[in-house]
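Residue-level listing of the chains:
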Amino acid sequence: MSKKVIEVSDLTKKFGSFTAVDHISFNVEEGEIFGFLGANGAGKTTAMQMLCGISMPTAGEGTVAGYDIIKENELIKRNIGYMSQKFSLYEDLKVWENIRLFGGIYGLSGKEIALKTDILLKKLDFEKERNTLVKYLPLGWKQKLAFSVAIFHEPEIVFLDEPTGGVDPAMRRQFWEMIYDASDRGITVFVTTHYMDEAEYCNRVSIMVDGRIEALDSPSELRRQFKAETMDEVFRKLARKAERGLK
Ligand SMILES: Nc1ncnc2c1ncn2[C@@H]1O[C@H](COP(=O)(O)OP(=O)(O)OP(=O)(O)O)[C@@H](O)[C@H]1O
């Protein structure tokens, strides 16, 4: 049996009387690429922030990387990687300065950071951009850099919130090569996306509708269950039920 890196049960988040995330329960296994889908406003970001220890649940319980999401949220923050929609890169710092900053935040030594920076820049073919201010990088490059710094400390799990928004399919494909590479090294990947071709690349996918998980399985099994040719069709069949955000 594979180890569970995420285990949550009845996780709920209310904002006043509005229930943004409504009693969700699921597990993610070590090394999985787990897709977290849902229409705008379905509750994906809110759920992810609870898993990352950034936001406290109103109800429910769970563990991430073995730590309790309520009592040990500080430990979770230190032991995961997180790439938010706005990514955390500092636009007015150079590429190498951003890498050093995040390496430091994650507790790596100066020597380790220097060594790993050289390896990373070479791997990304970014050596010429070492001294470039991040604000001058094209969006796709920023996304690759943001992902690289999110996993610089080799966390057990990385959370990616719409990591490939706004770039062309070729660039998105390159980004997914990096995701596969991380997954091959044993890093569990939890990823939200609006692109249904990306959903097909995941080992398992959950689909949220109005704060609840309405379906969860492998893409092929979901296509079978929903008698659909593509994940896009599965998604549209489910999203039709949504009352939030689609009007
Ligand atoms: N701090 C908040 N206060 C009140 N309502 C909020 C807050 N954060 C989120 N919401 C509401 O909760 C619902 C879920 O939002 P969330 O951002 O989690 O959705 P999402 O699935 O990530 O959507 P998107 O794909 O647009 O990012 C939305 O209706 C949103 O307006």
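These numbers were taken from a predicted model, which means no experiment stands behind them. (Residues numbered from 1 in each chain as written. Predicted model: local features only at pLDDT ≥ 70, side-chain atom pairs only at ≥ 80, totals over all residues.)

A. Focus on the sheet that holds strand E10 (residues 212-217). Reading across from one edge, E6-E7-E8-E3-E9-E10 is the order of the six strands in this open sheet, with mixed pairing throughout. Strand pairing shows two members of the sheet lacking a second neighbour, strand E6 (80-83) and E10, which therefore form its edges. Strand-to-strand, the axes of this sheet are offset by a mean angle of 15°, without reference to chain direction. Here E6 runs beside strand E7 (residues 157-161); their pairing, made up of four bridges, is parallel. (Pairing = 2+ DSSP bridges. Helix = DSSP H or I, 4+ residues; strand = E, 2+ residues; numbered from the N terminus. Axes fitted to C-alpha atoms, helices over the stretch in contact; angles between N-to-C directions.)

B. Here's a closer look at the nonpolar core. In this structure, Leu51, Val158, Phe159, Val189 and Phe190 are the most contacted members of the largest nonpolar core, which totals 64 residues. Shared between two domains, this core takes at least three residues from each, and those domains are domain 1 (1-71 + 159-246) and domain 2 (88-154). With residues up to four places along the chain from it excluded, the contact list for leucine 51 reads Ile6, Val64, Ile69 and Phe159. (Core = buried A, V, L, I, M, F, W, Y, C linked by C-beta atoms within 7 Å. Buried ≥ 20, exposed ≤ 12 C-beta atoms within 10 Å, placed from the backbone. Domains from an automatic or database assignment. Contact = placed C-beta atoms within 7 Å.)

C. Local environment of the site of the ligand. Taken together, Phe15, Phe18, Ala20, Gly38, Asn40, Gly41, Ala42, Gly43, Lys44, Thr45, Thr46 and Arg244 are the residues near the ligand. Going through the elements one at a time, strand E2 (18-29) and helix H1 (44-51) are the ones with two or more residues in the shell around the ligand. Residue contributions to the shell around the ligand peak at three residues, all from H1. Looking at the shell around the ligand residue by residue, the classes come out as four nonpolar, six polar and two charged. (Near = placed C-beta within 6 Å. Nonpolar A, V, L, I, M, F, W, Y, C, P; charged D, E, K, R; others polar.)

D. Quick peek at the pairing of E10. In the sheet, strand E9 (residues 204-209) pairs with E10 via five bridges, with the strands oriented antiparallel. Bridged to valine 205 within E10 is aspartate 217. If you look at the hairpin formed by E9 and E10, you'll find two residues sitting between the two strands, and aspartate 210 has a positive phi there, around 50°.

E. Fine view of the environment of lysine 86. Along the polypeptide, lysine 86 turns up in the loop between E6 and helix H3 (95-105). What makes lysine 86 exposed here is the crowd of 8 C-beta atoms within 10 Å. Measuring from C-alpha to C-alpha, the distance between lysine 86 and lysine 237 comes to 30 Å, with 151 residues separating the pair along the chain.

F. View of the domain arrangement of the chain. According to the domain assignment, the chain contains domain 1 (1-71 + 159-246) and domain 2 (88-154). Taking only C-alpha atoms, the centre of domain 1 and the centre of domain 2 are 26 Å apart. Per element, the largest residue contribution to the side of domain 1 that touches domain 2 is four residues, and it comes from helix H6 (residues 169-184).

G. Structural view of the environment of threonine 192. Summarising the element assignment, threonine 192 is placed in strand E8 (residues 188-192). In this structure, the C-alpha to C-alpha distance between threonine 192 and leucine 11, residues 181 residues apart in sequence, is 18 Å. If near-sequence neighbours (up to four positions away) are discounted, threonine 192 is found in contact with Phe36, Lys44, Met48, Asp161 and Glu162.

H. Layout of the sheet that holds E2. One open sheet accounts for four strands, arranged E2-E1-E4-E5; its pairing is antiparallel. Either end of the sheet is taken by a strand with one partner, and the two such strands are E2 and strand E5 (67-68). Along the sheet, H1 contacts strand E1 (4-15), E2 and strand E4 (59-64); its crossing angle with E1, the most-contacted strand, is approximately 125°.

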